[in-house]
Amino acid sequence: MSRRIVTGVVGGTATVAVAVLATLGYGGRGHGDTAPAAPPPKTAPVTRTTLVDAVHLTGRIGYGTAEPFAGRLTGTLTKVPAPGTVLRRGDAAYRVDDQPVLVLLGDIPAYRDLAVNVKGPDVKQFEENLRALGYRGFTVDTVFDGATAVAVQRWQKKLGLAETGAVELGRVTYVAAPVRVAEQKQRVGEPAAAGTPVLTVTGTTRTVSVELETRQAAVAKVGTTVQVRSATGKPVEGSMTAVNAAQDDGQRKTVVTVSVADQSALTGDDGDAVDVTVVRAEKKDVLTVPIVALLAVGDGYGVEVFSGGGRRIVPVTVGMFAQGRVEIGAAGLAEGTQVGVAGQ
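A brief report on the enclosed structure follows. (Residues numbered from 1 in each chain as written. Predicted model: local features only at pLDDT ≥ 70, side-chain atom pairs only at ≥ 80, totals over all residues. Heavy atoms only, no water.)

**Observations regarding the overall build of the protein**
For the record, the criterion: Numbering of helices and strands runs from the N terminus, with a helix taken as a DSSP run of H or I at least four residues long and a strand as a DSSP run of E at least two residues long. Categorising residues by exposure relies on relative accessible area from a 1.4 Å probe, with only protein chains included: less than 20% of the type maximum marks a residue as buried, more than 50% marks it as exposed, and the intermediate range marks it as partly exposed. Note on contacts: a residue pair qualifies if any of its non-hydrogen atoms lie within 4.5 Å across the two residues. Areas reported as accessible are Shrake-Rupley estimates using a 1.4 Å probe. Residue values count occlusion only from the protein chains shown.
Helices and strands together make up the secondary structure of the protein, namely three helices and 21 strands. For the protein, the proportion of its 344 residues judged to be buried stands at 35%. In the protein, of all internal contacts separated by at least 6 residues, the share reaching a separation of at least 24 is 64%. Of the accessible surface of the protein, which amounts to about 18,500 Å², a share of 51% is contributed by carbon and sulfur atoms.

**A word on the pairing of strand E7 (residues 99-105)**
We count it as follows: Strand pairing is assigned whenever DSSP identifies at least 2 bridges connecting the two strands.
Among the seven residues of E7, five are classified as buried, and the element is accordingly described as predominantly covered. The pairing of strand E6 (residues 92-96) with E7 spans four bridges and is classified as antiparallel. Each residue of the ladder has a partner; that of Tyr-94, found in E7, is Val-101. Both E7 and strand E8 (residues 172-175) contribute to a ladder of four bridges, which runs parallel. From the neighbouring strand, Leu-105 faces E8, where its bridge partner is Val-175.

**Re the sheet that holds strand E11 (residues 197-202)**
Spatial strand order, E3-E11-E9-E5: four strands in an open sheet with antiparallel pairing. Only two strands of the sheet have a single neighbouring strand rather than two, namely strand E3 (67-70) and strand E5 (86-87). As paired elements, strand E9 (residues 179-184) and E11 share four bridges and run antiparallel to each other. Across the sheet, Val-181 pairs through a bridge with Val-201, a residue of E11.

**Considering the pairing of strand E15 (residues 251-259)**
Across six bridges, the pairing between strand E12 (residues 207-212) and E15 is antiparallel. When the sheet's bridge partners are listed, Leu-212 is paired in E15 with Thr-254. Inspection of the sheet shows strand E14 (residues 236-248) paired to E15 by nine bridges, in the antiparallel sense. By the bridge assignment for E15, Asn-244 is matched with Val-255. Connecting E14 to the antiparallel partner E15 that follows it, the hairpin turn spans two residues, and Asp-249 within it adopts a positive phi of roughly 55°.

**Remarks on the sheet that holds strand E4 (residues 75-79)**
Note: strands within a sheet are paired through backbone hydrogen bonds, in either parallel or antiparallel orientation. Judged by pairing direction, the sheet is mixed, and its five strands sit side by side in the order E8-E7-E6-E4-E10 without closing on themselves. Pairing within the sheet leaves two strands with one partner each, and these edge strands are E8 and strand E10 (191-192). Both E4 and E10 contribute to a ladder of two bridges, which runs antiparallel. Note on E10: the bridge partner recorded for Gly-75 is Ala-192.

**Comments concerning the side chain of Thr-173**
Counting through the fold element by element, Thr-173 comes out in strand E8. What makes Thr-173 buried here is its relative accessible area of 17%. Ignoring sequence-local partners within four residues, the contact set of Thr-173 consists of Phe-69, Ala-70, Val-101, Leu-102, Val-103 and Leu-104.

And the structure:
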């Protein structure tokens, strides 16, 4: 039996009732009619379930946006770390003329030589790093004094540097936190030059990057909780922590960074695709029917109920639409009731 749209109000005049009955396959023929009976109706049960309105996006595992790691020293590059190397406080980022350029932690970039009688917050930042590396005998403050110079000489001796007691500009580079080498921009044997990136680096925590087209951008909000699922793993909870605009082949896109607290649960390799699910709405423990069960009844909706060998149209109120189903409500309509469906 094909589906139909009911335009009259159920329970109205006799004319409307006859029209509905005729549409359902009753009456409408003379005593001599021999037309075949309508085929058995297709039905589906009313179910009680949780409806979830979700958007599924494709993301890729990575370490966030790569940033250039530029140096200030000139000479020949004699060692450059491989991609994937993690650089922590005190590590050599690379070597120029076989001498290290050191990674230290801090927010103030190195911008001058540090030596006796130099004062300022950058001195304190350097001294904090020197103390964290295990050197003692000086006070951590904003003054680079003789005691600091002695500690620097011990540090330089361990590194194989000239024991000058001063730190020349370019010998150290500050980063806010440990970083991971993403790419070698220059190779061993090439000339190092001030301001030329030797490496690109990222954070050390794996994240998921999602590129959205303009029509999808409305779901991108910092703080939104998502579910991340790789091809081989279980869903793991994540959160949108950054939303940035980007251009790709002239097309404007929105790039979302999803952070995952449980790093061990984020299975997959760098660059692997993952499903990122954004739940926009959820309704628990509601009665639902397939969307194709809905009929137009006057200015509202109804469903065709099959029970006791008969059929009738029952007006319903509708709520949330999701997953091919719709939330419904009607007096006397219970879980398990069979309703007519189209194309099932």
